[in-house]
Amino acid sequence: MEQINVKVKQEKGRIDKVLSDLLKEHSRSQIQQWLKDQNITVNGEVTRPNYKVKENDEISINVPEPVELDVVAEDIPIEIVYEDDDVLVINKPQGMVVHPSAGHQNGTLVNALLYHIKDLSSINGIIRPGIVHRIDKDTSGLLMVAKNDKAHEALAAQLKDKTSIRKYIALVHGEITHDKGEIDAPIGRSKNDRKMQAVIEGGKPAVTHFEVLERYEGYTLVQLQLETGRTHQIRVHMKYIGFPVAGDPLYGPRKTLKGNGQFLHAEVLGFKHPTTGQMMVFEAPLPELFEKTLDQLRNND
């Protein structure tokens, strides 16, 4: 186990901030975890996470050995839209789970990332290395992946501050008459079915903006922009206003369009690069089946 020793000179403030400023190679989140695990002492005593350092404090950090991943790397093809030393942008296919969970130990995006990418951030633990945000198994499209902890923190902060861009394309049941709209309705776990989310009183704030792109007989194609990122947000919100996503096995009607799950695609992803600060915007075309379904609807009109 490695030990890092620091003597406070003129630094002031909470211990996690002071250490993250002094130890540039370690993220603040990592330092906070070490504090929580009681791996950091001040003047020989285990300290509180909110401790404010004093001049001449002697801080010792016992850096634990890296935990070996128990997630198997698998040679699964993935479409890398962009890659540099800090970030990846992946175009995830429909049907792929993002990270391992009960019932999905293999074949996930994380299994593929571990095979193709040498370094990934560790903030989200051994099951979700590099994963800053996720999209549902049967939703296709773009998501960002962090290759180090500093990049992870910067990207996660943009999601929290609502400065990143996430636009989706969805085919929904029904003909929406309004050209644009905003859905502002709190989302939480359904009281009737633990597998589902629902608009409920006391749920977490959730805001979705939509704009109609095309109308067909019985269906509407919309572009949606997320202001928040709740589980199943678009699927829940569209059901809530009476226009469920076509093909959705959980929130849609039984009689729907044939596909590989919901017709929902993460089309546009934008964020400021965590190192350069440059705004980067990526776009992924609709999957082939999605395009074919739209052509069929156009021909039916």
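Residues numbered from 1 in each chain as written. Predicted model: local features only at pLDDT ≥ 70, side-chain atom pairs only at ≥ 80, totals over all residues. Heavy atoms only, no water.

J.: Can you tell me about the overall build of the protein chain, naming the residues and giving the values?
T.: Counting its secondary structure elements, the protein chain contains 6 helices and 15 strands. If you line up the protein chain on its principal axes, its C-alpha atoms span 75 × 45 × 40 Å. Within the protein chain, counting contacts between residues at least 6 apart in sequence, those at least 24 apart form 64% of the total. Accessible surface, the protein chain: about 16,300 Å² in total, of which carbon and sulfur atoms supply 46%. Side-chain charges of the protein chain comprise 38 positive and 43 negative groups, with the mean position of each set lying 6 Å from the other. (Helix = DSSP H or I, 4+ residues; strand = E, 2+ residues; numbered from the N terminus. Contact = heavy atoms within 4.5 Å. Areas by Shrake-Rupley, 256 points an atom, 1.4 Å probe, with all protein chains shown as cover. Lys, Arg positive; Asp, Glu negative; His and termini not counted. Charge placed at Lys NZ, Arg CZ, Asp CG, Glu CD.)

J.: With reference to specific residues and values, describe the UniProt feature "active site" (unreviewed entry) in the protein chain.
T.: Within this numbering scheme, the UniProt entry marks D136 as carrying the feature "active site" (unreviewed entry). Position of D136 among the secondary structure elements: in the loop between α3 (109-116) and β7 (140-146). Since its relative accessible area comes to 11%, D136 is described here as buried. Discounting residues that sit within four places of it in the chain, D136 has contacts with K92, M96, H232, R235 and Q262. (UniProt positions renumbered as here; feature names shortened; annotations may be inferred. Buried < 20%, exposed > 50% of the residue type's maximum accessible area, 1.4 Å probe, protein only.)

J.: Mind laying out the packing of aromatic side chains, listing which residues take part and the relevant values?
T.: The full count for this structure, using the stated rule, is 3 aromatic pairs. Between F263 and F290, the aromatic rings sit 5.4 Å apart at their centres with planes inclined by 85 degrees, giving edge-to-face as the arrangement. Here F290 lies in helix α6 (residues 288-300) and F263 lies in the loop between α5 (233-240) and β14 (264-272), a separation of 27 residues in the sequence. Summarising the burial analysis for this pair, F263 and F290 share the class buried. Ring centres 6.0 Å apart and planes at 35 degrees place the aromatic pair F271 and F282 in the tilted group. Here F271, found in strand β14, pairs with F282, found in strand β15 (residues 279-283); they are 11 residues apart in sequence, far enough to count as distant. Per residue, the accessibility class of F271 equals that of F282, and both read buried. An aromatic cluster is present here, built from Y82, F271 and F282 joined pairwise through their rings. (Phe/Tyr/Trp six-rings, centres within 6.5 Å; stacked < 30°, edge-to-face > 60°.)

J.: With reference to specific residues and values, describe the side chain of T139.
T.: Turning to its location among the elements, T139 is positioned in the loop between α3 and β7. Every residue in contact with T139, bar those within four places of it in the chain, is listed here: K92, P93, Q94, Y168, Q262, L264, H265 and A266.

J.: Help me get a handle on the side chain of T108, residues and values and all.
T.: Position of T108 among the secondary structure elements: in the loop between β6 (87-92) and α3. On the basis of relative accessible area, T108 is assigned to the buried category, the value being 0%. Engagement of the side chain of T108 in a polar contact is seen with the side chain of N111, the distance being 2.7 Å. (Polar contact = N/O pair within 3.5 Å; in protein donor to acceptor, adjacent residues only side chain to side chain.)

J.: So what about the domain arrangement of the protein chain? Which residues, and what values?
T.: Assigned domains within the protein chain: domain 1 (2-63) and domain 2 (79-299). Spacing between the C-alpha centres of domain 1 and domain 2 amounts to 37 Å. With both sides pooled, the region where domain 1 packs onto domain 2 buries about 370 Å², and carbon together with sulfur makes up 41% of that total. The largest contributions to the domain 1 side of the interface with domain 2 come from S27, S29 and Q30, which together make up 72% of the buried area. The interface formed by domain 1 and domain 2 includes 0 salt bridges. The biggest single contributor to the side of domain 1 that touches domain 2 is helix α2 (residues 28-36), with 3 residues. Its residues assigned to classes, the side of domain 1 that touches domain 2 comprises no nonpolar, 5 polar and 2 charged. (Domains from an automatic or database assignment. Buried area = accessible area lost by both parts, 1.4 Å probe. Salt bridge = Lys/Arg side-chain N within 4 Å of Asp/Glu carboxyl O. Nonpolar A, V, L, I, M, F, W, Y, C, P; charged D, E, K, R; others polar.)

J.: Give me the lowdown on unusual backbone geometry, citing residues and values where you can.
T.: The backbone of N56 shows a phi angle near 75 degrees, a positive value even though the residue is not glycine. By the secondary structure assignment, N56 is in the loop between β3 (45-46) and β4 (58-63). In this model, H232 sits at a positive phi of 60 degrees, which is unusual for a non-glycine residue. Note on placement: H232 falls in the loop between β13 (219-226) and α5. Taking the relative accessible area as the measure of exposure, H232 reaches 16% and is therefore buried.

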